Structure formats: structure tokens, C-alpha cells
Amino acid sequence: MPKEPRKRARKHKPETAPVDEDEGAGPSWIAQSEPHLAAHPLDQELKAYFRSVDIKLQEWASEDAEHVQLIEDQREDRTAFFLAATSEIKGHEVELTEDPECSKIIEKMIRLMDDALLRTLLVGLVDVLPTLVKHRFGSHVCQTLLISSAETINREMQGIVADSPEENQSSVLPTMRALILQVSEILLEDSLPLMSDASASPVIRTLLALLSIQTWTEVLPLKEPRHNPGKTRRSMNGQHQTAIVVGKPTAEANHNVAIPPGFGIMARRYLEHVCTGATAEAMRDAVYDEITGPALQVLIRLEAQSDLSSQAGSLFDFIFPGVVSGDKDVTKEHSDHLHQIFRHPVGSHFVEVVVASASEPVFRQLWNRLIRKNLSSLVNDPVANFVVASAFGKVNAKGLEDVMPLPSTAWSECFESGRTGVIQALIKRSAELRSHEAEVVGIVSTAIGVQTTDDERLIVPCVMTLQTVKAYREPPSAAPNMYGPRHGGGSRPRTKEPSVQGALILQSLLHLNAPHNGMVLRSVEALLPEESLSMAKSPVSSRVFDVLLESSTVPYRSKRALVTAFIGQFHLLVDDRVGSFVAEKLWQAGDPYLRERIAKSLYEHEEALLASRSGKYFIRNANLWLLKKDPIKWRKQQAEKANQNKKEAVPSPHMQTQPTSAVDLSPSASNGSEKKREKNKKKRKRGEEVSDEIDGIFSAAKKKGRRP
């Protein structure tokens, strides 16, 4: 039996003189961590009161999570209690927001406040904001208040201005728009040191993001919490999120409302202040800082939106010297900086933002000067490959042509190291532009070592497991480790489990136009039944089948072949949690004839599947009892559903420019089917149209007076 853990014995420490601590002061570690802030002691009775408020808020959250219906008196009691709690904040804003425990309670209350209460709270904090934003706990309250103010400003732009909770102050309470501009004016002069402060930098970033919004849809990402990143969305669902309305009912945000005119001007003032108040060397150093770097990312995005990046003296010109001016003779210091920024863990995020938000001329200069010439080293760099993948998403056909001469060893190394983001981005961009698709397919086949027709059949399992053809055929113990050493030491053994990166590459290849996606389709058809079933039951590899069945560039012949391959083992597929979703896709992709074959193959497994947790839904949808009772009616229903699915089918974003007719990979089969179709058309009477083969059989049977 395992031994019980030893209990730690009490150690006799030497007696020390007692230290007199203020009863209202917090723990000693708080004072030591922030010696530059003046202490604001909080009354213990007030703190106990807000603890009771927190308990009440948790009770409301649990009631809302259980969907408890409240009567009118209960709603009025909630409103009265909440108003009483918010009235206690007045006059104690600084003490409450700087307290480690009460600051979290204030944040919860901010999320419940209506527009009038938010404005009242911000009025009480405006004068102390320069000090509060630098506080460890007060900065969180400031950021939450700024985030919640976005929807208030949206409603004010709609003409909905909430009344003040106190009637005698309704005329002096400013709007949220005026308050945000006032806050921005106060923090403008100290914005540079605040951007480099660990507590104040997130507040400045939120303020800049609020001032520089172009559309109201950009406000939604601001709602993500800054702290507690490990908290899942499921745990957040229990929190009370409904505002306690005091005055008028709170209207929903309207994304079509105009942006406040003064916000853009104020945001550009911040950008100008940073560009004129800091040297170019200081900015280049700040890009690599974990605290200041994210704030510069917001500013560089604002600069790109204002179309100021191509001007001399801009933030882009300071960070990337010589790119705007076209000066080829840069100093060694600048050259080292341009080489390092792509490979730095923090600086690379800045470059990704620049690539994503840059205009076409600026991106062209960045591509030609810094990215295109160093592609062979960047695609295999552990950090820079993410920047290259972002750049591939913006290149045009000429840019794709610049990528093709890259040596095959670079792509092979990229695949073997598991850094396949650049390959996936290249395939996706090629599918969007309909350019260099054959070359992209050749890159993938070369990377995994495809040489013969037999090797081509292993493309799907090799790409799915991120292994070369040679390594896939070797026993797992004999294959060398392609992933390199683990971070904790040792090596990771090679497995044949599907990987997310490989599944994404296969999905991107299926979006290519026919016949360029035929390489993947032929490999899918060559899979053994047990391999196909294993792929369909995996939450990762099953996505490949979903794209194959939904993509408009995949010929119908390949979709039909996939559906036919699963007939006979549908009962195993339906009985699985993940496989049941694939079975639904296969059922929808099949024509009425294939659906009947699938349904009849499930006759002997009907009782077992009805008792299955996953299979019962498929059996009910297949309507087997109607097929047994009235096959003709069942076929008519399936024909109607199939026609309805065709009308409702929407092509994927990559394929909207493609023709709707499917391309058959077999020329002989295509010619034979076309001749047969023409022959059938000649035999039909003029004016007679048959919408579906099953309908044609039914109509012919009715004329002859017998069942088909």
C-alpha cells in the first residue's frame, strides 16, 4: 500500500518582537510591491458590507443560470438593493478600487450597471485616473469600465441617453462620449510612461482600441477579460451578465451607428504624441518589450487605417528604417534590427499586425525588401514562420510566383519539423486566387517524398500524421524522431495519430480546383475500410470528410464513391459520437438511391442503434419504419429533401467563383455518361421534364398502372 504523506512538523522558530500593523492596512506584500503609491485605508465595515453584496450577486448569478423566473417584486428588490450598493461607492471610489478584494466586486458591479450608473462612477474616478491606472488592482477596474462604456456610447449615438439616478444631477451628468474624451485628454501627456507600465499599459491599449474603432463590430473583442486567462467559457456562463436597469430599458447595440467624430481625432493625437515624444531607437527597443510592444501594435494598426504608414517620420518608418524611403544602404545596427524583429517572440507579433493591416503599397515594399529575399530562412524559423504565413495570406499572383523557386529542401524541412502553417497558408491563398495550383500540389508531394503511383496513395495518411512516405512505411520503433527533442528533454516517439496541422492541409488541398485536388481524392478512395472508419471516428481527421462532402470543387463522383465506401459499416459509424456527425453528412450528400441502400443496410441493427446514445437520432432521421411500411412515400420524401438540399447548398467562400458543374477525373467515363445523357434526352417527349430519376420511375409506374 502507498505510504501516507508525512505531516510537516511544527518548527520552533525564535521569538521575534511583534510588529504593529495598521488594522485597516492590507497584507505586507501589497505595500512592498507598490511603494510609489500612497496607501488609502478602507473602512472594515464598508469592506464587510461589499462582501455581503458579493454574496448577493453570486446568488443572482446562480438563479439566472438556472433560469429562475422572477416576479415583479423580486426585480424591484434587486434594483433597490443594487442602487443602495452603488450609492455606497460614492466618496470611496479610490479606496474600493485599490483594495484586492473589493476591486473584484466593483468589476462585477460595473458589468451590471446601466448607462447612468456607469457615467456616475466614471465621473467620480476622472480626477484620480492618472494614479489609479498605475495601481495593480485599480487598473483592472479602469479597464473594465472602459470596456463597458463602449455599448453606452453606441446607445448615445442612437439618441438614447439614460437619465441620472439622482434627479437633481441630471443636468450636470456628462455623456459617456464627453467623459471618454476627457479621460483621453488627461492621460495624453503621460501616455508614453503609461504604455511602459505593467499595470497601466492594458488600460491605455483598451482606450486606444476604443478611440480607433472603424466599425462597432470591433468593440466585441474588447469584452474579453484581461485577467484569469485560464477560465473557460463554460465557467463564465454562470456569471450574472444582465444589467440592473434603473431608468429606461437598456437598448441593444446597433452596429450601423456612426462613430463619434472626436474619437478618431483623439486617437491620431496619441499617435502623433508617441511619434514626436520618443526617439526612433527607443521605439525599436519598445517593439521587443512585452509590456510596451502590444500598445505599439494598436498604434501601428491605427496608423495603417489612417493611411500614414508610407510617410517619412511615421511609426512604420521608425520601426522599419529604409523601407519607406527605399534606402538600400542601411546601417549595420538597422540591418540587425530588421533581421531580429522577424525572429523575436514579441517583435514577430508586431510584424504580423503590420502585415495584416498594411495597405497594398506598404505591404509590397515590406515583401520585396524584407520577406521575399529571406524566405528560405524564414519559413523554417520557429518564430518567423508565423509572420511568413500571415504574409502568404496577402500576396497576389505575382507574390505566389516569387515563392515557387524556393528549394524543395526548405519545404521538406518545414514539413518534417512540424511547422506547416506556411504550407497551409500557401495552399489557401492559391485556392483563393486560382493561381499556381499545380505548383502548390507539387510542393506538398515533394515535401512528403511522393515519387511513384503507390506513394501517391499514401498522401492522406502521410499528411494526416505529418510523416514522409518513407517514414510512414517503416515500423514506429525503427523510424527516427522527426519532431526533434522535447522541451523537457528526451524525444517524442513517432505515432500514427492524426494531427490538426495535417488535417488543415488536407482540407485546404480539397478546396483547390479540379483536377488539382484529385491527388487527395484518389488517396481517399485507396484507403482501406478500417482506415476510413478510423478517420471518420476521429474528431480531427473527420473534418477532412466534412470538407470533401461540402466543397463545391470536389466532383460528385468522388462524393458518391465516399458514400458507397461506407455502406456495410454504417452501423459502426452511426454508433460513434463523432462518426454519427460524419454519417449525417454522408446521408445528406447521397441521392435517394444511395439513401435507400444505406437505410436497408441498417435493418438488422435498428434495435441496437435505437438504444444507442448517438445512433438513435440517425435512425429517427432515416425514418426506417416508413421505408418498411410505404417505400414509395419514403422515396418521394427523400427526393424532395434531396432537391431542397441542393437549393439551400451555399458554396464555400473559396469556391464561389467556380462553375457549378463537377469535373469527372475519368475522361472515358465522362464521355460515356454524356452520350448516354444525350440519348435519354432524345427519347423523352417534347415538353416533358423529369426533375429526378426517382420521380421519373414513379411517374412511369403510375402511367402503366403498376408499382415499380
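Fair warning: this is a prediction, and the values are worked out from it, not measured in the lab.

Trainee: What is the right way to read the environment of isoleucine 213 from this model?
Mentor: Here isoleucine 213 lies in the loop between helix H11 (201-211) and helix H12 (233-236). Residue classification places isoleucine 213 among the buried positions, given a relative accessible area of 5%.

Trainee: Honestly, the side chain of asparagine 385 in this entry has me stumped. Any pointers?
Mentor: Inspection of the secondary structure puts asparagine 385 in helix H21 (residues 384-392). For asparagine 385, a relative accessible area of 3% puts it in the buried group.

Trainee: I tried to follow helix H17 (residues 332-341) on my own but got confused; where do I start?
Mentor: For an α-helix, the turn length of 3.6 residues means that residues three or four places apart are oriented alike. Regarding H17, the residues found buried are His334, His337, Leu338 and Ile341. Looking straight down H17, one finds its buried side chains confined to an arc of 95 degrees; they lie on one side. Buried residues along H17 sit against helix H14 (280-287), helix H16 (315-319), helix H18 (347-357) and helix H19 (360-371).

Trainee: Before we go on, may I ask you to explain the pattern of salt bridges in this structure?
Mentor: Pairing is possible between side chains that carry opposite charge, provided their charged atoms lie close to one another. This model, assessed by the stated rule, comprises 24 salt bridges. The salt bridge involving glutamate 156 is made with arginine 177; its shortest N-O contact spans 3.6 Å. You can see glutamate 156 sitting in helix H8 (residues 138-157) and its partner arginine 177 sitting in helix H9 (residues 176-188), a full 21 residues away along the chain. Judged by relative accessible area, arginine 177 falls into the partly exposed class, the value being 28%. For glutamate 525, the salt bridge goes to arginine 557, with nearest N and O atoms at 3.8 Å. Separated by 32 residues along the polypeptide, glutamate 525 in helix H30 (residues 518-525) and arginine 557 in helix H33 (residues 556-566) bring together distant segments of the chain. With relative accessibility at 33%, the residue arginine 557 sits in the partly exposed group.

Trainee: Any chance you could explain helix H31 (residues 529-536) here in plain terms?
Mentor: Three or more residues of H31 are buried, namely Ser532, Leu533, Met535 and Ala536. Buried residues in H31, looked at end-on, bunch into an arc of 160 degrees, giving them a common side.

Trainee: Which parts of the structure should I look at to understand the packing of helix H23 (residues 408-416) against helix H25 (residues 437-447)?
Mentor: Helix packing for two helices is described by the angle between their axes and how far apart those axes are. At their nearest, the axes of H23 and H25 sit 8 Å apart, and the two run at 65 degrees to each other. Where H23 crosses over H25, the handedness of that crossing is right-handed. Counting all contacts with H23, which are made through Ser408, Trp411, Ser412 and Phe415, the residues of H25 involved are Ile443, Thr446 and Ala447.

Trainee: For this particular structure, what's the right way to read the nonpolar core?
Mentor: In a soluble, globular protein the nonpolar side chains are often hidden away together inside. By size, the foremost hydrophobic cluster in this structure holds 174 residues, and its most contacted members are Met109, Ile180, Phe320, Phe392 and Trp411. Residue contributions to this core peak at seven residues, all from helix H13 (residues 261-277). Residues within four places of tryptophan 411 in sequence aside, it is in contact with Phe392, Val403, Leu406, Val422, Ile423, Leu426, Ile443 and Ala447.

Trainee: Mind showing me how you'd approach the environment of serine 580 here?
Mentor: Here serine 580 shows up in helix H35 (residues 579-589). Sequence spacing of serine 580 and phenylalanine 570 is 10 residues, and the spatial spacing of their C-alpha atoms is 9.1 Å. In this structure serine 580 touches Leu573, Val574 and Ser614, once residues within four positions along its chain are discounted.

Thresholds applied
- Residues numbered from 1 in each chain as written.
- Predicted model: local features only at pLDDT ≥ 70, side-chain atom pairs only at ≥ 80, totals over all residues.
- Heavy atoms only, no water.
- Helix = DSSP H or I, 4+ residues; strand = E, 2+ residues; numbered from the N terminus.
- Buried < 20%, exposed > 50% of the residue type's maximum accessible area, 1.4 Å probe, protein only.
- Arc of directions from axis to C-beta.
- Contact = heavy atoms within 4.5 Å.
- Salt bridge = Lys/Arg side-chain N within 4 Å of Asp/Glu carboxyl O.
- Axes fitted to C-alpha atoms, helices over the stretch in contact; angles between N-to-C directions.
- Left-handed = near helix turned anticlockwise from the far one by under 90°.
- Core = buried A, V, L, I, M, F, W, Y, C linked by side-chain atoms within 4.5 Å.

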